[in-house]
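A structural walkthrough
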Amino acid sequence: MDRSNAGSRRHVARLIAAAMLIALIPSPALAQEYPVREIHAICAYPAGSGADILVRYYSNRIARLAGKPVIVENKAGAQGLIGTEFAARARNDGYTILVTPASANLAAAAHLYKKLPYDPIKDFTPVAPIARLNFIVAVAGKSPIRTMGELVEELKKKGENGSYAIGNNTGQVSAAIFKEMAGLKTVMINYKGAAQAVTDLVGGQVDFMIWDATFMIGQARSGMVRLLAVTGAGRTSALPEIPTMAESGFPGFDLSAWWGVVVPAGTPKPIVDKLAGWIGQINASEETRQYLQNVATDVFAGTPESMAAQIRQDTERWERFVKLAKIEPQ
């Protein structure tokens, strides 16, 4: 073998390795230049849905701060899994972001599906949480029941003849925790739509329902339902008069849905930090606080680090929740 040729090849290999290493090191200029073109925000739900409206609100505000368009792409289907997988497989250059109900599609999904098409932890880098949505326990507006204590008393009298309406995993788990803490035998009825659940609640077919605050606030204003308690750790700003479950005799009760922004794993930290800074500005504005309050949702501020910790914590909690609620993974 020609020693000069072998040495030359080794030299070229070292140069290639060095170039690859340099390419992996984020440059300070990267964050300064970003973005140089439009950003794509993935919404894992249909256009016109409540999720879509929230994604478009934040996308519009990010565009103002970025100085570049933020294009919303609806990748709906499979309860949010299709859009989430799409975002997980996107290039990690900061030009694809996922605005998502992280409590469901990341933390809970790990235990609700036998085989996910993405890894909720490894395939994403958290950017920042944005909003928290309480769920609410409600009875019919004409019901004489006005507190959780009175509801428990009535349900204990009915035993297995009592029933309740839920329509998603957060409501199902909330009800399961409530039943466990109160020692109830009430029967669950799963509804595909909130409208039918309210109709049956008003008609006396079910004794109570647990649904998200955004839907329930409108029903309460119309007099169709009476709100008894919210399931999260704190009260909802749009409904400050409604106590929490903890305040209603169920200490430590804390379960709510929350939204956040993530990007594909490996996105350079300077870009993640820049996105997080924009979201921080958006969430600090009175405009955003008022917007979210109008849909019975609260600002949930945080950092990439705090969001990562929240996802890990909620992933562990949902493992217990799924077992308690006897939810069979799909």
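Here is a short report on the structure shown in this document. If you're wondering where the values come from, they're calculated on a predicted model, not measured in any experiment.

We now examine the overall build of the chain. Within the chain, the regular secondary structure consists of twelve helices and eleven strands. Across its three principal directions, the C-alpha atoms of the chain cover 95 × 45 × 30 Å. Counting the 330 residues in the chain, one finds 51% classified as buried. Of the contacts formed within the chain by residues at least 6 apart in sequence, a portion of 77% connects residues at least 24 apart. Summed over all atoms, the accessible surface of the chain reaches about 15,700 Å², with 55% contributed by carbon and sulfur. For the chain, the separation between the mean place of its 35 positive charges and that of its 29 negative charges on side chains is 4 Å.

Tallying each qualifying case throughout the model produces eleven aromatic pairs. Among the aromatic side chains, those forming a connected cluster through ring pairs are Tyr164, Phe178, Phe208 and Phe250. The ring of Tyr95 carries the charged tip of Arg37 above its face, separated from the ring centre by 3.9 Å.

Taken as a whole, the largest pocket holds about 1,300 Å³ of empty space. Surrounding the largest pocket, 43 residues form its lining, Tyr45, Pro101, Phe135, Asn168 and Asp212 being those nearest its centre. When residues of the lining of the largest pocket are traced back to their parent elements, those giving at least two are helix 3 (50-66), helix 5 (102-112), helix 7 (169-182), strand 8 (208-212), helix 9 (213-221), strand 10 (257-264) and helix 11 (286-294). Residue classes in the lining of the largest pocket are distributed as 25 nonpolar, 15 polar and three charged.

Considering the arrangement of structural elements, one finds Ser59 in helix 3. Once you skip the residues sitting within four places of it in the chain, Ser59 turns out to touch Ala41, Val70 and Val72.

Turning next to the environment of Gly223. Here Gly223 is to be found in the loop between helix 9 and strand 9 (225-230). For Gly223, a relative accessible area of 45% translates into the label partly exposed. For the pair Gly223 and Ala107, spaced 116 residues apart in sequence, the C-alpha to C-alpha distance is 35 Å.

What follows is about helix 5. Each α-helix turn comprises 3.6 residues. Residues three or four places apart therefore point the same way. Counted residue by residue, helix 5 has nine buried out of eleven residues, so it is predominantly covered. On its buried face, helix 5 sits against helix 4 (81-89), strand 3 (96-100), strand 4 (124-133), helix 7, strand 10 and helix 12 (304-324).

A word on the sheet that holds strand 6 (residues 163-166). Strand pairing within a sheet occurs via backbone hydrogen bonds; the two strands may be parallel or antiparallel. Read across the sheet, five strands follow the order 7-6-8-5-9 without closing on themselves; strand pairing throughout is mixed. A single partner strand is all that each edge strand has here, and the edge strands are strand 7 (187-190) and strand 9. Neighbour-to-neighbour, the strand axes of this sheet turn through a mean angle of 30°, independent of strand direction. Taken together, the four bridges between strand 5 (residues 135-140) and strand 8 define a ladder with antiparallel strand orientation. Across the sheet, residue Phe135 finds its bridge partner in strand 8, namely Asp212.

In this structure, Met148, Leu151, Phe178, Phe208 and Met209 are the most contacted members of the largest nonpolar core, which totals 74 residues. Core analysis: the second largest hydrophobic core is formed by 34 residues, Tyr57, Val70, Ile271 and Trp278 among them.

Turning our attention to the packing of helix 5 against helix 12. Here helix 5 crosses helix 12 at 45°, and the two axes come no closer than 8 Å. It follows from the interaxial angle that helix 5 and helix 12 lie oblique. Here the hand of the crossing between helix 5 and helix 12 comes out right-handed. Packed against helix 5, whose contacting residues are Ala102, Ser103, Leu106, Ala107, Ala108, Ala110, His111 and Leu112, the element helix 12 presents Met307, Ile311, Asp314, Thr315, Trp318, Glu319 and Val322 at the interface.

What follows deals with the environment of Ala108. Topologically, Ala108 is positioned in helix 5. According to the relative accessible area criterion, Ala108 is buried, its value standing at 1%. With 206 residues separating them in the primary sequence, Ala108 and Asp314 have C-alpha atoms 7.4 Å apart. Setting aside its immediate chain neighbours within four residues, Ala108 contacts Ser103 and Trp318.

Rules used in this analysis
- Residues numbered from 1 in each chain as written.
- Predicted model: local features only at pLDDT ≥ 70, side-chain atom pairs only at ≥ 80, totals over all residues.
- Heavy atoms only, no water.
- Helix = DSSP H or I, 4+ residues; strand = E, 2+ residues; numbered from the N terminus.
- Buried < 20%, exposed > 50% of the residue type's maximum accessible area, 1.4 Å probe, protein only.
- Contact = heavy atoms within 4.5 Å.
- Areas by Shrake-Rupley, 256 points an atom, 1.4 Å probe, with all protein chains shown as cover.
- Lys, Arg positive; Asp, Glu negative; His and termini not counted.
- Charge placed at Lys NZ, Arg CZ, Asp CG, Glu CD.
- Phe/Tyr/Trp six-rings, centres within 6.5 Å; stacked < 30°, edge-to-face > 60°.
- Lys NZ or Arg CZ within 6 Å of the ring centre and 35° of its normal.
- 1 Å grid on protein atoms, 1.4 Å probe; cavity = no way out; pocket = protein on both sides within 12 Å on 5 of 7 lines; lining within 4 Å.
- Points joined across faces, edges and corners; volume = space filled by probe spheres on them.
- Nonpolar A, V, L, I, M, F, W, Y, C, P; charged D, E, K, R; others polar.
- Pairing = 2+ DSSP bridges.
- Axes fitted to C-alpha atoms, helices over the stretch in contact; angles between N-to-C directions.
- Core = buried A, V, L, I, M, F, W, Y, C linked by side-chain atoms within 4.5 Å.
- Parallel < 35°, antiparallel > 145°, perpendicular 65-115°, else oblique.
- Left-handed = near helix turned anticlockwise from the far one by under 90°.

The analysis is restricted to geometry; functional conclusions fall outside its scope.
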